[in-house]
Amino acid sequence: MAEIEENKVRGIISAINGPVIKGTNMTTFKMREMVMVGKNRLIGEVIVLEGDVGTIQVYEETEGLKTGEEITPTGRPLSLKLGPGMLKNMFDGIQRPLEKIQEISPIFIPEGIGLLSIDEEKLWDVTITAKPGDVLLAGSIFGSVQETKVIENRLLVPPNISGTVIEVSANGSYTIIDTLVKIQDGKNEIHELKMAHDWPVRTPRPSAYRRETLVPLITGQRVIDIFFPIAKGGTAAIPGGFGTGKTMTQHQLAKWSDADIIVYIGCGERGNEMTEVIEDFPKLIDPRSGESIMERTVLIANTSNMPVAAREASIYTGITIAEYYRDMGYAVAMMADSTSRWAEALREISGRLEEMPAEEGYPAYLPSRIAEFYERAGSVETLGGDDGSITIIGAVSPAGGDFSEPVTENTKRFVNVFLALDKSLAYGRHYPAINWLESYSGYIKILSDWYEDNVAEDCIDLRNKMLELLYEENKLQEMVMLVGEDVLPDDQRWVLEIAKIIKVGYLQQNAYNKDDTYVPLEKQYAMLKSIEYLYEKGRSGLKLGIPTSQLKDADIFGQFIKMKYTIPNDDLSGIDRLKDTIDTYYDALFKKYEN
Amino acid sequence: MKRDYLKIDKVVGPLIQVSDVDDVFYGEVVDIVENSTGNVKKGKVIKIDGKNVVIQVFQNTAGLAAGNSTIKFTGEAFNLPMSLDLQGRIFNGIGEPIDSGSDIFSMVEANINGRPINPMAREYPRNFIQTGISSIDTLATLIRGQKLPIFSGNGLPHNELAAQIVRQAQLGDDVDEAFGVVFAAIGVKHDDEKFFRKSFDEANVMDRVVMFVNYADDPIAERITTPRCALTAAEYLAFEKNMHILVVMTDITSYCEALREISSAREEVPSRKGYPGYMYSDLASLYERAGMLHDRKGSITFLPILTMPNDDITHPIADLTGYITEGQIVLGRDLFQRSIYPPVAVLPSLSRLMKDGIGEGFTREDHAEVANQLFASYSRVQEVRDLSQIIGEEDLSQTDKKFMTFGRAFEAEFLNQGFDESRNIIESLDLGWKLLALLPLAELDRLTPEMIEKYLPQDE
Ligand SMILES: Nc1ncnc2c1ncn2[C@@H]1O[C@H](COP(=O)(O)OP(=O)(O)O)[C@@H](O)[C@H]1O
Ligand SMILES: [Mg+2]
């Protein structure tokens, strides 16, 4: 590559304004080309070309940069190296491994360290399945590598190449830059297939076609799985002011979702939160694989103090990595915390370009960028003929906690699940602070068959019934605030009592409790069913004229509130016993009143 | 040898523009020498466009005019000499001594902008710092290496609270672990600075304090560098000299206002309330300098103070801060007006790091539950109070009346404590239990039976 660079025409830096610089002599540069800026060879990307003047966003700190220094073209767009070695690792916004950066500089991230990517020296044990004479289509699988204990990396023919196999290496140990297979395409051109291939971050990877999303992403979180489910291949947003629980919810999803692969993007958020993931995830065991959840996780970190242009790129880096694993036939779930920081990075760059702002200083293309991003989610048939999916869950950090700001509003237009976090719930330490009145899932209908077949016939009906009860409680609470609770008729007071059990005993879920942090779907259903049972018992009692004060037995209510802790996840017999307790108590009570 | 430039094209607020400039770098420090007096002002290159350069001047630009000064580009970034001798000294916002002591000489220099800490190098903070203040220790626990701001309002006792924390906080595990304080005053009144100086004296830590002071009547551009100088000193002491450093910084609001003023002089597109769109990243470049590292013993615990305009927590300054820091201690005006000190509004207060720094082995096994129950019950108190406003306290249900009693006792006994009173965490937790005992058992739904059995005081 060095000699190619020698012959290229270089640009000359003419202006510097934070992460945005301008260069002259750039007629031969291409839009979106990756460039090396200045003596320190900072990494940048061409974002505007006008005559011989180019504008570049620089992914590293620009302090120290001078006008007159050179801009070197690389001849290719900002790309990722996609291959084994990404899982269990943490990268910056442009896929540079933070562990390798640490070897260069132990504490702080310096500028000018160049383009690093996944390890090119590591040897992997490769099994090649392609045989000479085979026709390999774009995106098909020609071999495999055990990337981590739980994930097999299926070696993909890059999506833009196909041909007939003319040479195959023996199975054995190779690095990601060794040639494994040679294929010849229709124009008799020969292509070398390696474990890794480059792909431009801003170009969605192709798939054969989109499918409907029919299966939920099981998260182990009651309020999500039962009340506001997310489909595999679907989209969800988690908006909320600071401290309402966006990051905790995202972490919970990253830890417990039944996706094959997790791509977690810390986009403009706290350094310690990424450190926490690095420290905690390796210790957590995935209930499905029996191995650490880190084995299936890729982390991208552009913390709030890292360069802002790389923040803009981090989202694309994450989604491209997600698409890469999707193309192998995996169900990928991607969390972006927070998409607002990405939007703000767009705003900052746009401001430096002196573009005409639309709402609140955001560029007019904000809605289309958000749409394009969420549209990269989906269930697909891959080019190789497998089922793959990407679920995107984006946190949104509205300014002032006000959901009517542009990022929240535009996100709402393009996602199907909206998990609205609520400040007053968080203040009362009702976690997860997902407001059941404001949240919704657009997947209830298409997933209802799945719930009927896999959980219980009446699962969705039960969910609807309980949600209605919560809506009713909300209306009653408004009345209580005017007249006090004592004035309400007994049947309404009973609704308030049951709603309290649903809120405290069911919707609240303690992420710090080792059992409650993840709850299997059977228990989620059984818990709610038993609450309904209590509700109906009480209603029978009301018909006999029994007052709510009698129907509310402190001991039984206490058991309901604590059942998430007292009933083990793998033994639900306690719920049957609870029902027996209810029967015994109420039968006795009813007898008194019947006579 | 670099060329000198004799002509200033334009002066806009704290910015000057110079044309026909060659060979300068982005962020380069500039000396602006007044020809007649030889006085030197410092500045920094903040924009280069062809041969035109915009310089942000740290001192007052009054008096600068087209032909009366010489601009010298120093060829240096904004570096400060670093040494243990910084301790006990007082500097202005650009790191020049303003006490009677001599200049700091050192071979070690550090760029005040710092560089982002690699998340791989961080160690997740888990060590409890006892401040002796019940509301903080129990409900919004401070952790060593945390950035925990105080959200206050004009006239509220945030300075007193910060001083009390400096005086009472136990930063190190052992007596032989070195600790120190870095104090940055940004746009503060002379009285406030004096108050802090006096309280450091009283706490007997003056020789361990590094002070950077920018007074309210000092130039605003210097407010941009004041916190950076302070944090650079903190990083040096913590990560090079293995000290536990508490950084107290007041007032972030003045800092943000300076940022807005400069942004408007630069004619940038404003976002909310006129503050620049990059204010989040800019604040993050300060707050994220707190923390702990794997292979360094020291730590930076960061207590920034901000006054919320109109006591509005959704104001961009508080809002963006809350999005970056690891929680917040919010002071409430209504508590203050009822003479409760410290007036910590517990419901909006939060320590995001407390979860790993409390409980068995750190504080006591019941800590998380007690905290949770106090939050939940006090949150209920607010609802009951709203209701009692409407229907009158006499008409409340028996249970609600108990919540009213609990609320009053909680504020009077738990929140309220003396400026010189230090309670250890066990005392604070026990006090919490004593107050919870005022409520019906059935309402204590955040407590497990085991903890109730063990800690809840029995009625006599
Ligand atoms: N599910 C949960 N269980 C327990 N605590 C929670 C939960 N969700 C949030 N919290 C509490 O709320 C705090 C703030 O949550 P976080 O996710 O960091 O908020 P955000 O990202 O919205 O600012 C956490 O530090 C934790 O104390
Ligand atoms: Mg967060």
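As recorded in an unreviewed UniProt entry, chain B goes by the name V-type ATP synthase beta chain, listed as coming from Acetobacterium bakii. According to UniProt, the comment filed for chain B under the heading Sequence similarities (unreviewed entry) is "Belongs to the ATPase alpha/beta chains family." The UniProt entry for chain B carries the following text under Function (unreviewed entry): "Produces ATP from ADP in the presence of a proton gradient across the membrane. The V-type beta chain is a regulatory subunit."

In the annotation of an unreviewed UniProt entry, the entry for chain A reads V-type ATP synthase alpha chain, and the organism field reads Acetobacterium bakii. UniProt's Catalytic activity (unreviewed entry) comment on chain A is quoted here verbatim: "ATP + H2O + 4 H(+)(in) = ADP + phosphate + 5 H(+)(out)". Here chain A is described in UniProt, under the heading Sequence similarities (unreviewed entry), as follows: "Belongs to the ATPase alpha/beta chains family."

1. A closer look at the overall build of chain B
Scanning chain B from N- to C-terminus turns up 13 helices and 21 strands. For chain B, the C-alpha radius of gyration of 25 Å lies close to 23 Å, the compact-globule estimate for 460 residues. With respect to the three principal axes, the spread of C-alpha positions in chain B is 85 × 50 × 40 Å. The buried share among the 460 residues of chain B stands at 62%. Put simply, 72% of the contacts in chain B that link residues at least 6 apart link residues at least 24 apart. Split by element, the accessible area of chain B, about 17,000 Å² in all, is 48% carbon and sulfur. Distance from the positive charge centre (46 side chains) to the negative charge centre (69 side chains) of chain B: 4 Å.

2. Considerations on the environment of Asp92 of chain A
All names here are of chain A. Position of Asp92 among the secondary structure elements: in the loop between β8 (90–91) and α2 (98–104). Counting along the chain gives 219 residues from Asp92 to Arg311, while the straight-line C-alpha distance between them is 8.9 Å. Setting aside chain neighbours within four positions, we find Asp92 in contact with Leu98, Ile101, Ile300 and Ala301.

3. Some words on helix α6 (residues 279–287) of chain B
With eight of nine residues buried, α6 of chain B lies mostly within the body of the structure. Every buried residue of α6 of chain B is accounted for by Met279, Tyr280, Ser281, Asp282, Leu283, Ala284, Leu286 and Tyr287 of chain B. Looking at the buried residues of α6 of chain B, the elements they touch are α6 (308–326) and α7 (339–352) of chain A together with α4 (221–240), α5 (252–265), β19 (299–307) and α7 (316–324) of chain B.

4. A few points about empty space enclosed by the protein
Applying the stated criterion across every chain yields a total of seven cavities of 30 Å³ or more. Estimated volume of the second largest cavity: approximately 180 Å³. Lining of the second largest cavity is provided by 20 residues; of these, Arg347 and Ala399 of chain A together with Ser271, Arg272 and Leu320 of chain B occupy positions nearest its centre. Residue assignment for the lining of the second largest cavity shows that the elements contributing at least two residues are α7 of chain A together with α6 and α7 of chain B.

5. Looking at the UniProt feature "domain: ATPsynthase alpha/beta subunit barrel-sandwich" (unreviewed entry) in chain A
With numbering matched to this structure, UniProt assigns "domain: ATPsynthase alpha/beta subunit barrel-sandwich" (unreviewed entry) to residues 117–202 of chain A. The annotated region residues 117–202 of chain A carries 0% helix and 49% strand content, and the separation between its end C-alpha atoms amounts to 17 Å.

6. A word on the site of ligand 1
The environment of ligand 1 is formed by 15 residues, the closest being Gly243, Lys246, Thr247 and Met248 of chain A together with Arg352 of chain B. Chains contributing residues to the immediate surroundings of ligand 1 are chains A and B. In the model, an oxygen atom of ligand 1 is placed 2.6 Å from a nitrogen or oxygen of the Arg352 of chain B side chain. Burial of ligand 1 by the protein chains amounts to 91% of its free accessible area of 560 Å². Ranked by residue count, the leading element in the shell around ligand 1 is helix α4 (residues 246–256) of chain A, at three residues. When its residues are assigned to classes, the shell around ligand 1 shows seven nonpolar, six polar and two charged. Both domains that furnish three or more residues to the shell around ligand 1 are identified here as domain 3 (209–444) and domain 4 (458–594) of chain A.

7. What to know about the packing of aromatic side chains
Each pair of aromatic rings is reported with the distance of its centres and the angle of its planes. Under the definition given, this model contains 28 aromatic pairs over all chains. Summarising the aromatic geometry, the rings of Trp256 of chain A and Tyr518 of chain A are spaced 5.7 Å apart at their centres and angled 45 degrees between planes, so their arrangement reads as tilted. Of this pair, Trp256 of chain A sits in helix α4 while Tyr518 of chain A sits in the loop between α13 (490–507) and α14 (521–543), placing them 262 residues apart in sequence. Geometrically, the ring pair formed by Phe91 of chain B and Phe212 of chain B is stacked, given 5.2 Å between the ring centres and 25 degrees between the ring planes. Highlighted residues: Phe91 of chain B in strand β9 (residues 90–92) and Phe212 of chain B in strand β16 (residues 209–215), separated in sequence by 121 residues. Residues Phe91 of chain B and Phe212 of chain B agree in their burial class; the two are buried. The rings of Tyr316, Trp342, Phe373 and Tyr374 of chain A are connected pair by pair, giving a single aromatic cluster.

8. Details of the UniProt feature "domain: ATPase F1/V1/A1 complex alpha/beta subunit N-terminal" (unreviewed entry) in chain B
Sequence positions flagged by UniProt for "domain: ATPase F1/V1/A1 complex alpha/beta subunit N-terminal" (unreviewed entry) are, in local numbering, residues 10–75 of chain B. As annotated, residues 10–75 of chain B has a helix share of 0% and a strand share of 52%, and its two end C-alpha atoms lie 22 Å apart.

9. What about the UniProt feature "domain: ATP synthase A/B type C-terminal" (unreviewed entry) in chain A?
Mapped onto this structure's residue numbering, the UniProt feature "domain: ATP synthase A/B type C-terminal" (unreviewed entry) falls at residues 449–536 of chain A. Structurally, residues 449–536 of chain A comprises 74% helix and 0% strand, and the distance from its first C-alpha atom to its last is 26 Å.

10. Re the pairing of strand β13 (residues 163–168) of chain A
All names here are of chain A. Bridge count between strand β10 (residues 135–136) and β13: two bridges; the pairing is antiparallel. In the strand pairing of β13, Val135 is matched with Thr164. Two strands pair when backbone bridges link them, and β13 and strand β15 (residues 179–184) are joined in this way by four bridges, in the antiparallel orientation. Directly across from Thr164, in β15, lies its bridge partner Gln184.

11. Things to note about the sheet that holds β13 of chain A
The four strands are arranged β10-β13-β15-β16 (chain A) in an open sheet whose pairing can be described as antiparallel. Lying at the two open borders of the sheet, with one neighbouring strand each, are β10 and β16 (190–194) of chain A.

12. Quick notes on the sheet that holds strand β11 (residues 141–146) of chain A
Residues and elements named next belong to chain A. Spatially, the four strands line up as an open sheet ordered β12-β11-β9-β14, and their pairing is antiparallel. On the outer flanks of this sheet lie β12 (152–156) and β14 (172–174), each paired with one strand and no other. For this sheet, the mean angle separating the axes of adjacent strands, direction not counted, is 40 degrees. In the sheet, β11 pairs with β12 via five bridges, with the strands oriented antiparallel. What sits directly across from Ile141, in β12, is Leu156.

13. Describing the interface of chain A and chain B
The partner chain B presents 78 residues to the 77 residues of chain A that form the contact. Roughly 6,500 Å² is buried in total at the junction of chain A and chain B, and carbon and sulfur atoms are behind 53% of that figure. Inspection of the region where chain A meets chain B yields seven salt bridges. The salt bridge involving Glu111 of chain A is made with Arg115 of chain B; its shortest N-O contact spans 2.7 Å. One can count 35 residue pairs in polar contact (both at pLDDT 80 or more) joining chain A with chain B. Per element, the largest residue contribution to the side of chain A that touches chain B is nine residues, and it comes from helix α5 (residues 271–280) of chain A. Each residue belonging to the side of chain A that touches chain B can be placed in one class, and the counts come to 28 nonpolar, 24 polar and 25 charged. With two bridges joining them, strand β1 (residues 11–17) of chain A and strand β5 (residues 40–49) of chain B adopt antiparallel strand pairing.

14. Concerning the environment of Ile190 of chain A
Residue and element names in this part refer to chain A. Position of Ile190 among the secondary structure elements: in strand β16. Given a relative accessible area of 48%, Ile190 falls into the partly exposed group. Spatially, the C-alpha atoms of Ile190 and Asp258 are 40 Å apart, while their sequence positions differ by 68 residues. Ignoring anything within four residues of it in the chain, the contact list for Ile190 reads Ile166, Lys182, Ile183 and Gln184.

The rules behind these values
Residues numbered from 1 in each chain as written. Chains lettered and ligands numbered in written order. Predicted model: local features only at pLDDT ≥ 70, side-chain atom pairs only at ≥ 80, totals over all residues. Heavy atoms only, no water. UniProt positions renumbered as here; feature names shortened; annotations may be inferred. Helix = DSSP H or I, 4+ residues; strand = E, 2+ residues; numbered from the N terminus. Rg over C-alpha atoms; globule rule 2.2 N^0.38 Å. Buried < 20%, exposed > 50% of the residue type's maximum accessible area, 1.4 Å probe, protein only. Contact = heavy atoms within 4.5 Å. Areas by Shrake-Rupley, 256 points an atom, 1.4 Å probe, with all protein chains shown as cover. Lys, Arg positive; Asp, Glu negative; His and termini not counted. Charge placed at Lys NZ, Arg CZ, Asp CG, Glu CD. 1 Å grid on protein atoms, 1.4 Å probe; cavity = no way out; pocket = protein on both sides within 12 Å on 5 of 7 lines; lining within 4 Å. Points joined across faces, edges and corners; volume = space filled by probe spheres on them. Near = heavy atom within 4 Å. Polar contact = N/O pair within 3.5 Å; in protein donor to acceptor, adjacent residues only side chain to side chain. Nonpolar A, V, L, I, M, F, W, Y, C, P; charged D, E, K, R; others polar. Domains from an automatic or database assignment. Phe/Tyr/Trp six-rings, centres within 6.5 Å; stacked < 30°, edge-to-face > 60°. Pairing = 2+ DSSP bridges. Axes fitted to C-alpha atoms, helices over the stretch in contact; angles between N-to-C directions. Buried area = accessible area lost by both parts, 1.4 Å probe. Salt bridge = Lys/Arg side-chain N within 4 Å of Asp/Glu carboxyl O.

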